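# Inside the fold
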Amino acid sequence: MSNRRVVIIGGGVIGLSAAEHLSRKGIRTVLLDKGSFAQEASWAGAGYVDLRDACRVGGAFMDLCRLSYDLYPEWTERLKKESGIDPEFLHSGGIGLAFQEGEEKAFREMEEKTAARGLKGEWFTGREARKWEPALSTEVKSAWFLPQTRQVRPPRLNRALLRVLQNRGVEFRENEEVQEILQEGGKASGVETSRGKIDADKVLLT
Ligand SMILES: Cc1cc2nc3c(=O)[nH]c(=O)nc-3n(C[C@H](O)[C@H](O)[C@H](O)COP(=O)(O)OP(=O)(O)OC[C@H]3O[C@@H](n4cnc5c(N)ncnc54)[C@H](O)[C@@H]3O)c2cc1C
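What you are looking at is a predicted structure, and each value in this text was computed from that prediction instead of being measured.

### Details of the overall build of the chain
- Broken down by element type, the chain carries seven helices and 12 strands.
- Scaling as 2.2 N^0.38, a compact globule of 206 residues should have a C-alpha radius of gyration of about 17 Å, whereas the chain reaches 21 Å, well beyond that.
- Expressed as lengths along the three principal axes of its C-alpha atoms, the size of the chain is roughly 60 × 40 × 25 Å.
- Counting across all 206 residues of the chain, residues that qualify as buried make up 27%.

Spelled out as structure tokens, the structure:
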């Protein structure tokens, strides 16, 4: 175990996964949240693991999203083994449903961006789509299938991460709000929280 200590502000999926990475490297980590862990956006997330928005933005954001996307299969498998909780990662593909012409137009515009980055989809009529999924509404006019789309179950992913971190002895501090990032010589040196001061070699704000 390294003597360095990292304080992570925020126990959503970003804070939890950063803590997972650091604790695997033997770095002492303190995870702080002003409420309970993984109850904000990381609880509400639908669980799409895909690159559509990344394609729209492009640049370094695209590179970062691609890296994250590529890590998912191995990472979720490791979490499943180590925690005994299955995050239900699935490479399912995803279907965009168009009920009106305007919606199909929006998907086709998005398709231009995804295709330019090598992500090719396929179009189906509503009738063809209902052959795959009979529960689809008869109002569906067309469907855009993107095979690269994957999914995960956010509440299960968060539970798996928390179990792994607990097993590794990461220090959890819930209901403790960070009020200030302390500095020394122009560098972050710790945090002031609703319960006092914590010294740190690095502070990660998530
Ligand atoms: C309805 C919905 C659907 C979504 N669907 C998808 C999807 O399908 N796919 C996808 O990739 N993304 C989706 N997202 C986005 C995704 O959920 C977020 O990008 C992700 O959860 C952000 O994680 P986070 O850890 O950065 O933030 P959060 O989960 O919000 O965690 C931040 C944490 O910081 C804590 N905090 C804040 N201030 C302080 C402080 N001063 N001191 C201590 N703690 C503090 C908060 O209490 C919170 O727990 C969706 C989001 C929403 C809302």
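### Examining the site of the ligand
- Every one of the 22 residues lining the ligand counts as a neighbour, but Gly-10, Gly-12, Ser-42, Gly-45 and Tyr-48 are closest to it.
- Of all the secondary-structure elements, those providing two or more residues to the shell around the ligand are helix 1 (13-24) and helix 2 (41-44).
- Looking at the shell around the ligand residue by residue, the class counts come to nine nonpolar, nine polar and four charged.

### Brief notes about helix 5 (residues 101-116)
- For helix 5, spanning 16 residues, the distance from its first C-alpha to its last is 23 Å, which sits close to the expected 22 Å at 1.5 Å a residue.
- Positive phi appears at Gly-118, one or two residues downstream of helix 5, with a value of about 85°.

### Structural notes on the packing of helix 4 (residues 59-83) against helix 7 (residues 154-167)
- Interaxial distance between helix 4 and helix 7 falls to 9 Å at its minimum, and their mutual angle equals 60°. With respect to each other, helix 4 and helix 7 are oriented oblique. Helix 4 and helix 7 meet at a crossing whose hand is left-handed. For the pair formed by helix 4 and helix 7, the contact residues are Leu-79, Lys-80, Glu-82 and Ser-83 on the first element and Ala-160, Leu-161, Arg-163 and Val-164 on the second.
- Partitioning the contact of helix 4 with helix 7 into residue classes produces four nonpolar, one polar and three charged.

### Some remarks on the sheet that holds strand 4 (residues 94-98)
- Reading across the sheet, the three strands line up as 4-6-5 and stay open at both edges, with antiparallel pairing between neighbours. Edge positions in the open sheet fall to strand 4 and strand 5 (122-125), since each of these has one partner strand only. The average undirected angle you get between the axes of adjacent strands in this sheet is 25°.
- Bridging between strand 4 and strand 6 (residues 142-146) involves five bridges; their strand directions are antiparallel. Its bridge partner lying in strand 6, Leu-97 is registered against Ala-143.

### Looking at the domain arrangement of the chain
- On domain assignment, one finds that the chain holds domain 1 (5-93 + 148-205) and domain 2 (94-147).
- Each of domain 1 and domain 2 has a C-alpha centre, and these two points are 32 Å apart.
- Domain 1 puts 11 residues into the contact, and the matching count from domain 2 is nine residues.
- Among the elements that take part in the side of domain 1 that touches domain 2, helix 3 (residues 52-57) stands out by supplying three residues, more than any other.
- Considered class by class, the residues forming the side of domain 1 that touches domain 2 number four nonpolar, four polar and three charged.

### Examining the pairing of strand 6
- Across the five residues that make up strand 6, a large majority, four, are buried.
- Judged from the four bridges that link them, strand 5 and strand 6 form a sheet pairing that is antiparallel. If you follow Trp-123 over to strand 6, its bridge partner there is Trp-144.

### Details of unusual backbone geometry
- We note that Glu-88 has phi near 55°; this positive angle belongs to a residue other than glycine.
- Locating Glu-88 in the fold gives a position in the loop between helix 4 and strand 4.
- The class for Glu-88 is partly exposed, based on 16 C-beta atoms found within 10 Å.
- Unusually for a residue other than glycine, Asn-175 sits at a positive phi of about 55°.

Cut-offs used in this document
- Residues numbered from 1 in each chain as written.
- Predicted model: local features only at pLDDT ≥ 70, side-chain atom pairs only at ≥ 80, totals over all residues.
- Helix = DSSP H or I, 4+ residues; strand = E, 2+ residues; numbered from the N terminus.
- Rg over C-alpha atoms; globule rule 2.2 N^0.38 Å.
- Buried ≥ 20, exposed ≤ 12 C-beta atoms within 10 Å, placed from the backbone.
- Near = placed C-beta within 6 Å.
- Nonpolar A, V, L, I, M, F, W, Y, C, P; charged D, E, K, R; others polar.
- Expected span 1.5 Å × (residues − 1).
- Axes fitted to C-alpha atoms, helices over the stretch in contact; angles between N-to-C directions.
- Parallel < 35°, antiparallel > 145°, perpendicular 65-115°, else oblique.
- Left-handed = near helix turned anticlockwise from the far one by under 90°.
- Contact = placed C-beta atoms within 7 Å.
- Pairing = 2+ DSSP bridges.
- Domains from an automatic or database assignment.

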